[in-house]
Every structure is written in structure tokens, then in C-alpha cells.
Amino acid sequence: AMMMLQIFLCLIGAIFSAAWFEDHKNSWYLHPALKGHAAREAVLRFFSWFIVLAQFVPISLIVSSEITKRLQQFLLESDNDLRDPRKGPL
């Protein structure tokens, strides 16, 4: 699911990048090598966004694992059946 979201965001980024580039194609500050074939530019823009968003999946996995860890910690601490009557609470 995360990979599909990343691909979707890359497509959106590539489309908006192409629209911006089309509006600014005669600007003096753009490199002349960027003015190429449309299909080539679309592929380059897609993979440029793919590299930019490459950290999206690992960061979300870290966040979801931390949330899961905290939830399991809470459930274990609040379960009275896991407490030892001789030693008392954790």
C-alpha cells in the first residue's frame, strides 16, 4: 500500500513539475539541456520524485513500529492477569 502511495505521489509530482516547466520553459535560469523530448522528461521527473520520496516508506515504517510498541507496552502493563500476586505490580 505504501509503495502504491509513493508511486501515486511521484506521478502527481511529475505532472505538476511538467506543468510548471511548461509555464517557465523560456526562462533564462533553466539549463538548456532540460529542454528535451517530452517522454524522456516525464521519465526523468518521475524518477527524480521517486528519489526524493524514497525516505517516505522507511520513516513511516519506523513511526508505525514505534506506535505498535507503545500500544503493546500499554496493554501488557494494564493486564492484571499477567501480574504476580507475590511480587506486586511491575
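What you see is a predicted model, and the numbers here were worked out from it, not measured in a lab.

Engineer: Could you give an account of helix H1 (residues 2–23), with specific residues and numbers?
Structural biologist: Here H1 spans 32 Å end to end across 22 residues, near enough to the 32 Å set by a 1.5 Å rise per residue. For H1, the set of buried residues is Gln6, Cys10, Gly13, Ala14 and Phe21. Each buried residue of H1 lies within a common arc of 105° when the element is viewed along its axis, so the set occupies one face. Across from the buried face of H1, at angles greater than 90 degrees, the exposed residues are Met4, Ile15, Phe16 and Asp23.

Engineer: Explain the environment of methionine 3 to me, and be specific about the residues and the numbers.
Structural biologist: With respect to the secondary-structure elements, methionine 3 resides in helix H1. Measuring from C-alpha to C-alpha, the distance between methionine 3 and phenylalanine 56 comes to 9.4 Å, with 53 residues separating the pair along the chain.

Engineer: Residues and numbers for the pattern of salt bridges, please.
Structural biologist: Per the stated rule, a full pass over the model turns up two salt bridges. With a shortest N-O distance of 3.2 Å, glutamate 66 and lysine 69 are connected by a salt bridge. One end of the pair, glutamate 66, and the other, lysine 69, are both in helix H3 (residues 56–78), three residues apart, so they sit about a helical turn from each other. Glutamate 66 is paired through a salt bridge with arginine 70; the nearest N and O atoms lie 3.8 Å apart. Note that glutamate 66 and arginine 70 are positioned in helix H3 at a spacing of four residues, about one turn of the helix.

Engineer: I'd like a description of a nonpolar patch on the surface, backed by residues and values.
Structural biologist: On the surface, Leu5, Phe8, Leu9, Ile12, Phe16 and Phe56 cluster together into a nonpolar patch covering about 530 Å² of accessible area. Broken down by element, the nonpolar patch gets its largest block of residues, five residues, from H1. With respect to the element layout, phenylalanine 56 can be found in helix H3.

Engineer: So what's going on with the confidence of the model for the protein chain? Residues and values would help.
Structural biologist: Per-residue pLDDT for the protein chain averages 81, and the proportion of residues at 70 or more is 86%. Mean pLDDT values over the elements of the protein chain span from 83, in helix H2 (residues 38–52), up to 87, in H3.

Engineer: With reference to specific residues and values, describe the packing of aromatic side chains.
Structural biologist: Tallying each qualifying case throughout the model produces three aromatic pairs. With a centroid separation of 6.4 Å and 25° between ring planes, the pair formed by phenylalanine 46 and phenylalanine 50 is classed as stacked. Note that phenylalanine 46 and phenylalanine 50 are positioned in helix H2 at a spacing of four residues, about one turn of the helix. Overall, the relative accessible area of 24% leaves phenylalanine 50 in the partly exposed class. Here a set of aromatic residues connected by ring pairs shows up, and it is made of Phe46, Phe47 and Phe50.

Engineer: Residues and numbers for the side chain of arginine 45, please.
Structural biologist: Assignment of secondary structure puts arginine 45 in helix H2. A residue is classified by how much of its surface remains accessible, and arginine 45, at 12% relative accessible area, is buried. In this structure arginine 45 touches Ala14, Ser17, Ala18 and Phe21, once residues within four positions along its chain are discounted.

Rules of the game
Residues numbered from 1 in each chain as written. Predicted model: local features only at pLDDT ≥ 70, side-chain atom pairs only at ≥ 80, totals over all residues. Heavy atoms only, no water. Helix = DSSP H or I, 4+ residues; strand = E, 2+ residues; numbered from the N terminus. Expected span 1.5 Å × (residues − 1). Buried < 20%, exposed > 50% of the residue type's maximum accessible area, 1.4 Å probe, protein only. Arc of directions from axis to C-beta. Salt bridge = Lys/Arg side-chain N within 4 Å of Asp/Glu carboxyl O. Patch = residues over 30% accessible without salt bridge, like charges linked within 9 Å, V, L, I, M, F, W, Y side chains within 5 Å. Areas by Shrake-Rupley, 256 points an atom, 1.4 Å probe, with all protein chains shown as cover. pLDDT = per-residue confidence, 0-100. Phe/Tyr/Trp six-rings, centres within 6.5 Å; stacked < 30°, edge-to-face > 60°. Contact = heavy atoms within 4.5 Å.

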